[in-house]
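Fold and contact review
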Amino acid sequence: MKQIKFWNVDYLYHLQGTEGQRMAFWSEIVKLQQFLPQFQALYAQRFPIEVRHYLAEWIEQQPWSSIHINPANESLARNLLETMVSELQKVSSRMSYPVTRKLNEYAVALKKTFDQQPLELVNIMNCLLMQENQLFQELRQTHAGVPTVTLPTQPVLNTNSERIKQEDANVLQQLSLLNGLIKTIQMYRSAIQQMNEAPDQEQQQQLPQCYQSQHHLQQGNSPLPEYTKREEHVNQQKTTWDDHRRKRNYSILEAVRSLEQVQGLVLNMIQDWKRRLQLSGNGAYFEDNLGSLQEWCDKLAEMNCQIQQELGLISTQEDIASDQISGVPERLSSLLSNLVRSAFLVEKQPPQVLKTQSKFSSTVRFLLGLKLNAPTKPPVVKAIIITEQQARVMRQHGSIHNENTGEIMNNTSLLEFSNATKTTSASFRSMSLKKIKRSDRRGTESVTEEKFAVLFSSELSITGSEVKYHVQAISLPIVVIVHGSQDNNATATILWDNAFSEIERLPFHVPDRVSWSQMCETLNMKFMAEVQSTQGLCKEHFVFLAQKIFDEQSYSMEDFTNRMVSWSQFNKENLPGRTFTFWQWFDGVMELTKKHLKDYWNNGLILGFVSKQYANRLLNQRVNGTFLLRFSDSEIGGITIAWIDDTEKGGRQVFNVQPFTTKDLTIRSLGDRVRDIERLLHLYPSRPKDEAFKKYYTKEVKGKDGYLHAGVKTTVNGEQAQVVAQPMVPSPVSQSCVACTMPEMPGWSQVPCNPGNISYDKGDVAVNASISLPPSMILPTSQNEDFTNAVQGNHLVTSFGSENDMDVNFDDDQQFVRGVENIPVPSEFELNALLNTVDMSLMNSTEF
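Fair warning: this is a prediction, and the values are worked out from it, not measured in the lab.

The next thing to look at is the overall build of the protein chain. Secondary structure summary: the protein chain contains 25 helices and 28 strands in total. Within the protein chain, the fraction of its 848 residues that count as buried is 46%. When contacts within the protein chain are restricted to residue pairs at least 6 apart in sequence, those whose partners lie at least 24 apart make up 68%.

Written out as C-alpha cells, the structure is:
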C-alpha cells in the first residue's frame, strides 16, 4: 500500500484550540501534550494523524467495528471512504493556506490509496481506534493526571440505517432495470403483432397482381420486377420478424434472470430483518423496515405476473418450446411460490420465555396483502407449538408429524387487511399455553435448555394465480417454564441463542463455544438495554468479567481476547467457590442497577465491574477517605462501598462495607447511605462526596402532629448512631432540635435485626444494625408465659392493658427479646414512639 507522508508531531501542540470543543475523546488526547509523541508513533505511516484531528467527531461516530471485513460490505466501506474525503474537503475549505493545501493532498491520497480496497480503510480505522483507546487507558493507570475517559461505543444504529438505505437504493435501481426489460418485451410483442397482421392486408390488396405474375411465369418469361420486389420485401419482413422474436425471447430470459437476482436481494433483506429482530431481544437497536420490504414484494409479484402475461400472449404457432425460453414458466412459478412463502412472517414475536397458563400475544403479517385473493372471507391462521426436533423435520421436509406437543388456547385468527395501516395481518391477542409435552432431554440438559417454537400456518391464494399456497411462519425459539424461579436460566438460554445463532441454521443449533470478544459485545448490549442506559461497559469491566468466568487473575485484556467461552462456563457450572453461575451473578447485577442504581451508573458514579483486589490497588494510591462503588463479587445483586483509611494499629487499609441488596436500597437509597458514612470523603479519584451525590440525598422530613420523626441511618463499626430529639407536644415557646450522641445505657436491651443470611467477606465491615430500646419499651414476657401468646407467626401480639392490641411485624431472621417480669405498662408517649418510629424490619440502625 502506498505510504502517506505526515506532518511533524510538533504541529499538533497548537491544535488544541482548533475545533476541539466538539471532540469528546480526541480532545482529551490532545490535552496530553507530553504524550502526543506516543500517539504519533501509533499512527506512524498507517493514517494521517491530522485527518484524525480535523475529522475527530465524524470519525468517532462511524461504525468501523460493526463492518465485517468481507466483500459483501465493500459498498458500505466505499461509502465511508467517499464521505471521509468529502468531509475532509469541507474542512479544508474553511482553513487557511497551507493547511488547506495539506488537507486537500490528504483527500487525494486517501482516495487513491483506498479506492481499490475500501475495506482496508475500515480495518485500519478500527485497529487504530482500539489501540488509541488502549494506550489512553494505560496512560490513565500509570499517570495520576490523566482523566478517566473511554472511547464512546460505536453506533450500531448508524450501521444498520446506512446499510438498509444502501440496500433499498440497490433494490430500487434493479427494479427500475427490470421494469425497462419488461417494457422492451412489450415493445417487441407489439411489433411482432403488427407484422403478423400486415401480411393479411397486403395479401388481399395484391391478390390480382399475384395471379398476373403467376400467368407471366407459366409462359416461360422472367419474373416481373414487381414480383421480385415483393419477394424481397416479404423475405425482409420475415427476417425482421425472426429478429424481433429472438430479441423478445432474449429479453424474457434477461427479465427472468433480473427478477431472480432482485428477488434474491429482497429475500435476503427479509432474513436480515428476522435476524435483527432476534438480536433486538438481547437489546440491539432494531430499525423496522417492513414497510419498504412490503413495497418491494408487491413490485416483484406484479412484475412476475407481467412476464407470465407476456408468455401467455405468444402465439401458439410460434416455437415456444425452443431452447431459448424453455423452462421459463416453471422458473416464474417457482419464484412466485418462494416469494409468497417468504412474505408470510411473524411480525410480533411471542415471549421467548413463556410461562404456562399465562396469556401472551403475537402478530403474523403477510407482505403481499394487496395481491391476496380472498373474495368471500379472510383466510384463517392457526398457531401450534412444536419442539426443536419437529422444527428440524419441517425445515427439511416442509411438514411435521401430527404429534401433539402442547395445547394453545385461542390459537386461531383471521388474516385481514387494514385500510388504516395498509397492512395485512393476523393478531393473536390472548393466547395461552395450557400444557406442554417435553421430549427426552439429552445428557445433562435441563428443562430451561429445551427449546420450542410457535408455528403459524394458513392456506392463501394470490390474484393472477390459480395455485393455493400452504404458508408457514415459525417464531423465534421459546423456552417454556412453569415457575418464576426458572426465568433466570431460561433467559440465559434465549440470550445465547439470540446472540450466536446463524441465519440459515438447522433449528435451533447454536455453537457450544464462542469467542470472548463476542461474549463481551453480547453482555454490553444486554446490560445497556436492561438498565436502559447509554453508558456501556469499558475495557476494565471486561477484564474483571474475564477473570471471573475464566477464574484467572490476569489484568491484560490481550490474555483473554482470543479465548473461547463455553455454554457451561456461562450458565451450567457454578463459579469457583460460589453457589451460582456467571450468568446468575451478572443478571443479579443488572436487576439491582435497573431498579436502584440507573442514575448513579449513567452519571459515572459507580465503577461497578471491578474486583476487590483491583479496587484496593486503585484506592491505595489515593488519600484517606477516598471511596468507590463496585458490584459485589460474592453475592448476587449487591453493591459495596470500598474506601481507604487509617487502621487502629497504624498504617492504612481498604475497608469494604457489607454489600447492599435490593432490599437494603428499598429501605434507604444509595445516596443517603453514602451521606451517612462520615468516613467517606472523596469519590474516586478525587471528587468531593457531596458534589457527586448531593442531588441524591433525601430531604430531611420533620415530624407531624407533635411526633418525633424516625429515620434510618447507615453506620459502620466504629460509628455511633445519632439521635435527634424534638418536643412531643407543641409548645408556645419555640424550641430548637438538639442533636446528641447516644451512649450505651445500662438497662437498655439491644434488638439485633441484621439478616443472618448475608455472608461477610474477609476484611468487610459489618453495618451496625442495632436498635436501642429503653426498659419501659421492652415487651413483657416471662419464662412462665405461653410464648405463643406473644409471638404468632411473624407477628408480635401482646396486651398492654388497654382495649387495643399492638401488632409489630418481624422478618423471619429477626429475634424476639425477652424482658423482665412485672414491667410497668408503657405510657402513651412510649407506645407512640414504638409504633411510629421503630421499623423492626430495617436492617440498619434507627435514628429518632
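Past the structure itself, the notes keep going.
As a further point, take the environment of Trp601. Mapped onto the elements, Trp601 comes out in helix 19 (residues 582-602). Taking the C-alpha atoms as reference points, Trp601 and Gly536, 65 residues apart in sequence, are found 9.5 Å from one another. Setting aside residues up to four positions removed in sequence, Trp601 forms contacts with Phe527, Ser533, Gln535, Gly536, Leu537, His541, Thr593, Ile606, Leu607, Gly608, Phe609 and Phe631.

On to the pairing of strand 16 (residues 652-657). The sheet contact formed by strand 15 (residues 639-646) and strand 16 spans five bridges and is antiparallel. When the sheet's bridge partners are listed, Trp643 is paired in strand 16 with Phe655. Where strand 15 folds back on strand 16, the antiparallel hairpin that results is connected by five residues, among which Gly650 adopts a positive phi of roughly 90 degrees.

Once that is clear, we can look at the pattern of salt bridges. If you walk through the whole model with that rule in mind, you get 30 salt bridges. A salt bridge links Asp115 to Arg78; its shortest N-O distance comes to 3.2 Å. Taken together, the residues Asp115 in the loop between helix 6 (99-114) and helix 7 (118-142) and Arg78 in helix 5 (residues 74-93) connect sequence positions 37 residues apart. The salt bridge involving Lys594 is made with Glu530; its shortest N-O contact spans 3.2 Å. In this pair, Lys594 sits in helix 19 while Glu530 sits in helix 15 (residues 516-531), placing the two residues 64 residues apart along the sequence.

Our focus in this paragraph is the side chain of Arg673. Within the element layout of this structure, Arg673 appears in helix 22 (residues 670-676). Of the side chains bearing the opposite charge, Asp664 lies closest to the buried Arg673, which forms no salt bridge; the N-O distance is 4.9 Å. In terms of polar contacts, Arg673 uses its side chain to reach the backbone carbonyl oxygen of Asp664, at 2.7 Å.

Let's shift gears to helix 20 (residues 612-619). Along helix 20, the positions that sit buried rather than exposed are Lys612, Tyr614, Ala615, Leu618 and Leu619. Across the axial projection of helix 20, the buried residues extend over an arc of 160 degrees, all falling on one side.

Conventions and cut-offs
- Residues numbered from 1 in each chain as written.
- Predicted model: local features only at pLDDT ≥ 70, side-chain atom pairs only at ≥ 80, totals over all residues.
- Heavy atoms only, no water.
- Helix = DSSP H or I, 4+ residues; strand = E, 2+ residues; numbered from the N terminus.
- Buried < 20%, exposed > 50% of the residue type's maximum accessible area, 1.4 Å probe, protein only.
- Contact = heavy atoms within 4.5 Å.
- Pairing = 2+ DSSP bridges.
- Salt bridge = Lys/Arg side-chain N within 4 Å of Asp/Glu carboxyl O.
- Lys, Arg positive; Asp, Glu negative; His and termini not counted.
- Polar contact = N/O pair within 3.5 Å; in protein donor to acceptor, adjacent residues only side chain to side chain.
- Arc of directions from axis to C-beta.

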